[in-house]
Amino acid sequence: MARKAAPAERMDDVDAVTRAVLTASRVLVAVSARSLAEVEDGVTLPQFRMLVVLSSRGATKLVALAELLGVAPSTAMRMVDRLIAVGLADRQINPANRRETLLRLTDEGRRTVADVTARRRQEIASIVERLAPQQRTALIDALTDFNRAGGEPSAPSLGEGADLYPLGWGDSPTAD
């Protein structure tokens, strides 16, 4: 019969996992920064995050977009204005309610998200290739559980609607 861990042992385990995830997050932040390097002059990380949300959700109202990003509507509006100025997003009248404006990606905005996502996927794949097969399997299981606990949907497989949730931050590809 397996012995139940004492509270102090469980806390040490939580701390060890937390430290490992924090370290992994540094690797992922570095990968993210490098994947944005080619568009860095035109797009900041928060603006790219907005592009990703628009990519995964489609045409979205400003208030919903601000809520998804966890920013004030005025901040979201400034970000949108910048993205519109560089041709990555635009505004359209909501056909269901002509008093509302929806924000959406332009073709160039979609290409930008796809290019950055492809670079990120390649770099992550090169890191994963350095792991032994059994380590990869263990990592899949652990990260799947971690993502589920964090409420993040799984990213699609390469070729299976890979642009639907390119980098997270998406519930469903519907407009609000």
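Above this note sits the structure.
Summarised in this report is the structure supplied together with it. (Residues numbered from 1 in each chain as written. Predicted model: local features only at pLDDT ≥ 70, side-chain atom pairs only at ≥ 80, totals over all residues. Heavy atoms only, no water.)

This part covers the overall build of the protein. When you go through the protein residue by residue, the secondary structure sums to 6 helices and 2 strands. Along the protein, helices and strands appear, N-terminal first, in the series α-α-α-α-β-β-α-α. Taken across its 176 residues, the protein has 26% of its residues classed as buried. Total accessible area computed for the protein in this model is approximately 11400 Å², and 58% of it derives from carbon and sulfur atoms. (Helix = DSSP H or I, 4+ residues; strand = E, 2+ residues; numbered from the N terminus. Buried < 20%, exposed > 50% of the residue type's maximum accessible area, 1.4 Å probe, protein only. Areas by Shrake-Rupley, 256 points an atom, 1.4 Å probe, with all protein chains shown as cover.)

A few words now on the packing of helix α3 (residues 62-69) against helix α4 (residues 73-85). Closest axis-to-axis distance for the α3/α4 pair is 9 Å, and the angle between their directions is 105 degrees. Accordingly, the angle class assigned to the pair α3 and α4 is roughly perpendicular. Taken together, the residues of α4 that come into contact with α3 (itself represented by Leu-62, Leu-65, Ala-66 and Leu-69) are Pro-73, Ala-76, Met-77, Met-79 and Val-80. Across the contact of α3 with α4, the residue classes break down as 9 nonpolar, no polar and no charged. (Axes fitted to C-alpha atoms, helices over the stretch in contact; angles between N-to-C directions. Parallel < 35°, antiparallel > 145°, perpendicular 65-115°, else oblique. Contact = heavy atoms within 4.5 Å. Nonpolar A, V, L, I, M, F, W, Y, C, P; charged D, E, K, R; others polar.)

Let us now look at the pattern of salt bridges. If the charged atoms of two oppositely charged side chains come close together, the side chains can form a pair. Inspection of the entire model under this criterion finds 8 salt bridges. In this structure, Arg-110 engages Asp-107 in a salt bridge whose closest nitrogen and oxygen atoms are separated by 2.5 Å. Here Asp-107 and Arg-110 lie together in helix α5 (residues 107-128), a separation of 3 residues that amounts to about one turn. (Salt bridge = Lys/Arg side-chain N within 4 Å of Asp/Glu carboxyl O.)

The next subject is a nonpolar patch on the surface. Where nonpolar side chains cluster on the molecular surface, the patch consists of Val-17, Val-21, Leu-139, Leu-143 and Phe-146 and spans about 390 Å² of accessible area. If you list the elements that add at least two residues to the nonpolar patch, you get α1 (7-35) and α6 (133-150). Among the elements that make up the nonpolar patch, the one with the highest residue count is α6 (3 residues). (Patch = residues over 30% accessible without salt bridge, like charges linked within 9 Å, V, L, I, M, F, W, Y side chains within 5 Å.)

Here we come to the pairing of strand β1 (residues 89-94). As judged from the 6 bridges shared by β1 and strand β2 (residues 97-105), these two strands associate in the antiparallel manner. Bridge pairing in β2 places Arg-91 opposite Leu-103. Between β1 and β2, which follow one another and run antiparallel, lie 2 residues. (Pairing = 2+ DSSP bridges.)

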